[in-house]
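# Examination of the molecular architecture
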Amino acid sequence: MTANVAVETTPVIPIWNDPSHDTGTRVTALIAAMTVEEKIAQLFGVWVGASDEGGEVAPYQHDMEESADLDALLPNGLGQLTRPFGTAPVDPALGALSLLRTQARIVSANRFSLPALAHEECLAGFATWKATAYPVPLSWGATFNPALIRRMAAAIGADMRSVGVHQGLAPVLDVVRDARWGRVEETIGEDPYLVGTVATAYIQGLESAGIVATLKHFVGYSASRAGRNLAPVSMGTRERADVMLAPFEMAVRESGARSVMAAYTDADGVPSTADEDLLTGLLRDTWGFTGTVVADYFGIAFLTTLHGVTDDWAEAAGAALHAGVDVELPTVKTFGEPLLEAVSAGRIPEVLVDRALYRVLAQKAQLGLLDAGWSPVPPALAGADLDDTAALRGTVDLDSYANRELAREVAEQAMVLLSNDGTLPLAQPRRIALVGPNADEPTAVLGCYSFPAHVGVLHPEIPAGISLPTLREALRLEFPGTEIVTARGAEVDGDDTSGFAEAVRLAQDADVVVAALGDRAGLFGRGTSGEGCDAASLALPGVQQALLDALLDTGTPVVTTLFAGRPYALGRAVDEAAAIVQSFFPGVEGTTAMARVLSGRTNPSGRLPVSVPRGPGAQPSTYLAPRLGQATEVSSIDPTAAFAFGHGLSYTSFSWSGLIVENKESGTDGAFVLAFSVRNTGDREGTEVVQLYLHDPVASVVQPVQRLIGYTRVELRPDESCRLTVTVPADVASFTGRDGRRVVEPGRLELRLAASSADPRLTTTVLLTGAPRPVDHTRQLHARFRRTDGPDA
């Protein structure tokens, strides 16, 4: 008689759930086991909103889409969850619980136990209720400080990751070509090198926190005609390569970014979402990008509805897949039944689905979402009692003291002192007249993609969720012994001048006027800046210029402050204002930063990432222009800026001297080495921003008069000096030649060490010798600064 013996067996872990196998082996095995329906389900997202009671998410009803049926979709799995935190106000802890429970449902519903990847917006911080709203990207550019922006992004990423988010839809690498475009606030500036270096730092910070960064908008979106959102793009191959593509190329090479978003726009008749040469030929085959390409929201459907290059949803899906798009966002449309039917009928090859799926699943594997034992519990809820929702509410802090301090540091370094007749910094004046539509407006510091401006305005019954001190409140704290009287004077937009009289009366009785002007961020016409809020000209919105002129007429010194999303022409104030301080939607600590600059507690060190025009109508214009794009005798329009790209003043002064060039000649494969000194000649500590521009006087194709090729921030105490060495590889002089290939040509170059694009301090002429040398995406991208009397600059 044989006894029954219980034998313990170790469960067999499928290859795709076993992290001991390499990613390729795991993903290939999983794809082979999936049905077509299951494959396609991984290639789209569903737009949802988390529950403020901690229950499962609910599909979001958008006016461009039908609401998704999760019960019907989930048995096949789901690729992404779109903006569970960023769709409506939800307590962060309960939003995390809602996402957790939804992920558990998704995992249990599909036979491979695959969770969804959750993405959110993070252009100015984690775009959710009660999260810190940081300065917008245009302020990042104004800092000229990639290291600081890297720290900020790491903090943003850590907050997102703590509640279960995997991907952030940022940063924007579009280069400003026309400041009338509403989304200028989302960009880093008008120079591709500044955009590339700062964006790369932001991506590195976000990715260091485990968040998939998404480069957008690839490519040309910001060059739309007349600055109109989604308008066609007219540009040649050289402008596209040397200006628009350059930041993306740098980021792909240096940042570790794992996702790219295709742009809405078409360039020369080819929409980016259907451009195989761009999304596959350049991005993947040439640059070697291995991550995912996601569609901008509704961008695949736009191939049919707006671009007219496809006839129906299935054809649009096929065109996008063929071009190299992997994921449809924000919700299922063309990648749903239309794609499934087309694949089943043989009209779209299944191999295209498999190609996109491989990238999607490889990313999920990298995030640990395929691992056996994966848990949907995010770090913020680890160890919490998930059944006690009342106790959970308010336990997750996304607006910590450390966040606010970091936001203030970025805001302070982004403040740009444009002009100053000595009025600033203010001593303790007896009375300040604070006048203007942004004088006592809490949201004046917020960009379009901050949660209160983007979503909160749709829920006026719910508070902003974060502290937003107004400029009036910040000035009262900064000037405790000063009487501060306030008048709105006018609205941001509109033509009502009835408030002028009171504003003028207060100004006449004050020691100094602080004029608080600028924008109101919003979406699609709800603001004067933001997505779909394009400007007809660069005149201050509404009657603000008339208000400013009326204040100037009083004879009281006027300090003009701007909380804006783009640069504006300031009319008489350029020459007549006592001082002008420019900020670009500086975030939750922006008014505190502005008050500290006005008092002198902070010595301003920001520099303009975009030129400030002298007149409102000379657009499009940019400092990055050839000779005929600048002032000439053959045109009555002078596009010369009132304040040039890179400009910014300080409360101290600096001298530059002792330029030595180690080698005046170099081959086209060599480098030049320059050394020079910078001294703080004032009586207080300050920061100089050293900028290096290249002027190529003779080239085979027309070049901009100058372009930025390097920069560094130098902090110096009074009378302190430092010696800087900069190595300039010949590669940075390359450009796209007549044959469409990038080349370093022999000839004279002028290297300009400058305080702005209009303020060269030390200049030298050097010579490149030898034959023209073709270069590619492996070329050197940076002129390297080094502080020879201390740590690297």
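Computed from a predicted structure; not experimentally measured.

With that settled, consider the side chain of Arg752. Locating Arg752 in the fold gives a position in strand 27 (residues 747-754). A distance of 2.6 Å separates a polar atom in the side chain of Arg752 from a polar atom in the side chain of Glu750. In this view, Arg752 contacts Gln691, Leu692, Tyr693, His695, Val705, Gln706, Pro760, Leu762 and Thr763; residues no more than four positions away in its chain are not counted.

Taken in spatial order, the 3 strands of this open sheet run 25-26-29, and their pairing is antiparallel. The open sheet terminates on both sides in strands that have one partner only, identified here as strand 25 (735-736) and strand 29 (773-774). When strand 26 (residues 742-744) meets strand 29, the two strands line up antiparallel, connected through 2 bridges. Looking across to strand 29, one finds that Val743 is bridged to Pro774.

Checked against the element boundaries, Arg151 lands in helix 6 (residues 146-162). Given the relative accessible area of 44%, Arg151 is considered partly exposed. Arg151 sits 259 residues away from Val410 along the chain, and the two C-alpha atoms are 9.9 Å apart. Contacts of Arg151, omitting those with residues within four sequence positions, involve Leu406 and Glu409.

Inspection of every chain in the model, using the stated rule, returns 17 aromatic pairs. Plain terms: the ring middles of Trp47 and Tyr60 are 4.7 Å apart, the flat faces sit at 55° to each other, and that makes the pair tilted. Of this pair, Trp47 sits in strand 1 (residues 45-49) while Tyr60 sits in the loop between strand 2 (58-59) and helix 3 (70-73); the two residues are 13 residues apart in sequence, bridging distant segments of the chain. When its relative accessible area of 8% is taken as the criterion, Trp47 is described as buried. According to the relative accessible area criterion, Tyr60 is partly exposed, its value standing at 29%. Seen in terms of ring centroids, Tyr623 and Phe645 are 4.6 Å apart; in terms of plane orientation they differ by 5°. Their pairing is stacked. One end of the pair, Tyr623, is in the loop between strand 17 (612-613) and strand 18 (641-643); the other, Phe645, is in the loop between strand 18 and strand 19 (654-661), with 22 residues separating them in the sequence. The class for Tyr623 is buried, based on a relative accessible area of 9%. A relative accessible area of 0% places Phe645 in the buried class.

A word on the nonpolar core. By size, the foremost hydrophobic cluster in this structure holds 224 residues, and its most contacted members are Tyr202 and Phe218. In this structure, Phe654, Phe676, Leu753 and Ala783 belong to the second largest nonpolar core, which totals 31 residues.

Here we take up the environment of Pro586. Tracing the sequence through the fold places Pro586 in the loop between strand 16 (579-584) and helix 22 (590-599). Spatially, the C-alpha atoms of Pro586 and Thr143 are 11 Å apart, while their sequence positions differ by 443 residues. Discounting chain neighbours no more than four positions away, the residues touching Pro586 are Pro135, Ser139, Ala411, Met415, Val445 and Phe563.

All right, on to unusual backbone geometry then. Look at the link from Lys216 to His217: it is a cis peptide, with omega at 5°. By secondary structure assignment, the location of His217 is in strand 6 (residues 212-218). A cis amide bond links Leu329 to the next residue, Pro330, at an omega of 5°. Even without being glycine, Asp268 reaches a positive phi, approximately 55°. Looking at the element boundaries, Asp268 is found in the loop between strand 8 (266-267) and strand 9 (270-271).

Below, the discussion takes up the sheet that holds strand 22 (residues 686-695). Strand order in the open sheet made by the 5 strands is 20-28-27-22-23, with mixed pairing throughout. Strands with a single pairing partner mark the edges of an open sheet, and in this sheet they are strand 20 (665-667) and strand 23 (707-716). If you compare each strand with its neighbour and ignore which way they point, the axes differ by 25° on average. Across 3 bridges, strand 20 lies against strand 28 (residues 760-769) in parallel orientation. Along strand 28, the bridge assignment pairs Ser666 with Leu768.

What follows covers the state of the cysteines. The term disulfide refers to a covalent linkage connecting the sulfur atoms of a pair of cysteines. Tallied over the entire structure, the rule returns 0 disulfides. For the unlinked cysteine Cys533, the closest cysteine sulfur is that of Cys448, found at 6.5 Å. Relative accessible area serves as the criterion here: at 2%, Cys533 is assigned to the buried category.

Conventions adopted
- Residues numbered from 1 in each chain as written.
- Predicted model: local features only at pLDDT ≥ 70, side-chain atom pairs only at ≥ 80, totals over all residues.
- Heavy atoms only, no water.
- Helix = DSSP H or I, 4+ residues; strand = E, 2+ residues; numbered from the N terminus.
- Polar contact = N/O pair within 3.5 Å; in protein donor to acceptor, adjacent residues only side chain to side chain.
- Contact = heavy atoms within 4.5 Å.
- Pairing = 2+ DSSP bridges.
- Buried < 20%, exposed > 50% of the residue type's maximum accessible area, 1.4 Å probe, protein only.
- Phe/Tyr/Trp six-rings, centres within 6.5 Å; stacked < 30°, edge-to-face > 60°.
- Core = buried A, V, L, I, M, F, W, Y, C linked by side-chain atoms within 4.5 Å.
- Axes fitted to C-alpha atoms, helices over the stretch in contact; angles between N-to-C directions.
- Disulfide = S-S within 2.5 Å.

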